[in-house]
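# Examining the three-dimensional arrangement
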Amino acid sequence: MAKDRKNPFNGRDEWLYEDHDQEDFVFSIVQQKDVECVTEFLITNFFANEPLGHALRLDPDEEVRPWLAEMVAHAIQEKLSILIREKPLEDRESKIVAVCLNDVERIHEEPDNVTIFSFVDPEKHPCMWKITRVLDELVKDQDLFVKYDVPSYIGIQMLSVGPQFGGRGLAKKLIELTETLSRSKGYSLILSEATSEFSARAFLKAGFESKNVLHYDEFTLGSEKPFKLLVEEKVH
């Protein structure tokens, strides 16, 4: 899914935001000090519930934990990732309730650039490797730099809201704030590869356009259809 944005304005790397419609929460850019807690949040809430991993019986501790902190630490250097915490109270610890991990894809990548494809090994991480094949298939034969005439764009890597905070508009707010930060840094294109109906609906409601659709029951790796259970068991 992609959305074109053409209204850049000045932004800040250190950024704290409160919304009068979300008075229980505080929004901020993810910092290096947040890497450990963001990593734990994503393992517990994103990878444990993401439909492709669920269909494959993915064990996040075995296949994700060894590399996720490094990926998070790299992505947040762009100062575009956002987390939401509960507003701290005297009798309540401020905890993370939602995260949007964003990175920048460039036409001329830097030598130290890393993505999920940099970490996942088919022998060590067989379930995650199958998931990366889906992500790769979605953008296969699509040169977004040429298509949209941009030297770089924002990739929304992971968007996750804690299950007890669903239905409160937090996913929508994370997408809106990602757009705000993207414009502030001069980016005009945002890409998301949505693997669940929930995330797909969230992006479509936010005005994103669906550029490619992959039907899980038709996706094959060799002679295997690894995600047919998503249709048969209706995981999402």
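Right above here is the structure, for reference.
A brief structural summary. None of the values given here were measured: they were computed from a predicted structure. (Residues numbered from 1 in each chain as written. Predicted model: local features only at pLDDT ≥ 70, side-chain atom pairs only at ≥ 80, totals over all residues. Heavy atoms only, no water.)

## A closer look at the overall build of the chain
Along its length, the chain carries ten helices and seven strands. Per-residue burial over the chain gives 50% buried out of 236 residues. Carbon and sulfur atoms provide 47% of the accessible area of the chain, an area that totals close to 12,500 Å². (Helix = DSSP H or I, 4+ residues; strand = E, 2+ residues; numbered from the N terminus. Buried < 20%, exposed > 50% of the residue type's maximum accessible area, 1.4 Å probe, protein only. Areas by Shrake-Rupley, 256 points an atom, 1.4 Å probe, with all protein chains shown as cover.)

## Notes on the pairing of strand 6 (residues 152-161)
Burial of strand 6 is extensive: nine of the ten residues sit out of reach of the surface. By the bridge criterion, three bridges tie strand 6 to strand 7 (residues 189-192) in an arrangement that is parallel. Bridge pairing in strand 7 places Ile154 opposite Ile190. Since strand 6 and strand 7 lie parallel, the crossover through helix 8 (residues 170-184) that links them has a hand, and here it is right-handed. (Pairing = 2+ DSSP bridges. Right-handed = clockwise from strand over helix to strand, strands pointing away.)

## Digging into unusual backbone geometry
The phi dihedral of Arg57 falls on the positive side, at around 60°, and the residue is not glycine. Mapped onto the elements, Arg57 comes out in the loop between helix 2 (51-56) and helix 3 (60-63). Under the relative-accessibility criterion, Arg57 is labelled exposed at 56%. At Asp149, a residue that is not glycine, the phi angle is positive and equals roughly 55°. Residue position: Asp149 is located in the loop between helix 7 (144-147) and strand 6.

## Quick notes on the pairing of strand 5 (residues 96-106)
Taken across its eleven residues, strand 5 has ten buried, putting it largely inside the fold. Note: strand 4 (residues 82-86) against strand 5, four bridges, orientation antiparallel. When the bridges of strand 5 are listed, Arg85 appears paired with Ile96. Summarising the sheet, strand 5 and strand 6 pair through nine bridges and their orientation is antiparallel. Within the sheet, the bridge partner assigned to Val104 lies in strand 6 and is Ile154.

## Focus: the pattern of salt bridges
Inspection of the entire model under this criterion finds eleven salt bridges. The shortest N-O distance in the salt bridge between Glu78 and Arg106 comes to 3.0 Å. Here Arg106 lies in strand 5 and Glu78 lies in the loop between helix 4 (65-75) and strand 4, a separation of 28 residues in the sequence. Given a relative accessible area of 23%, Arg106 falls into the partly exposed group. Lys173 is the partner of Glu176 in a salt bridge, and the nearest nitrogen-oxygen pair spans 3.3 Å. Of the two residues, Glu176 and Lys173 both sit in helix 8, three residues apart, roughly one turn of that helix. A relative accessible area of 13% means that Lys173 is categorised as buried. Within the structure, one salt-bridge network assembled from shared partners comprises Lys33, Asp34 and Arg85. (Salt bridge = Lys/Arg side-chain N within 4 Å of Asp/Glu carboxyl O.)

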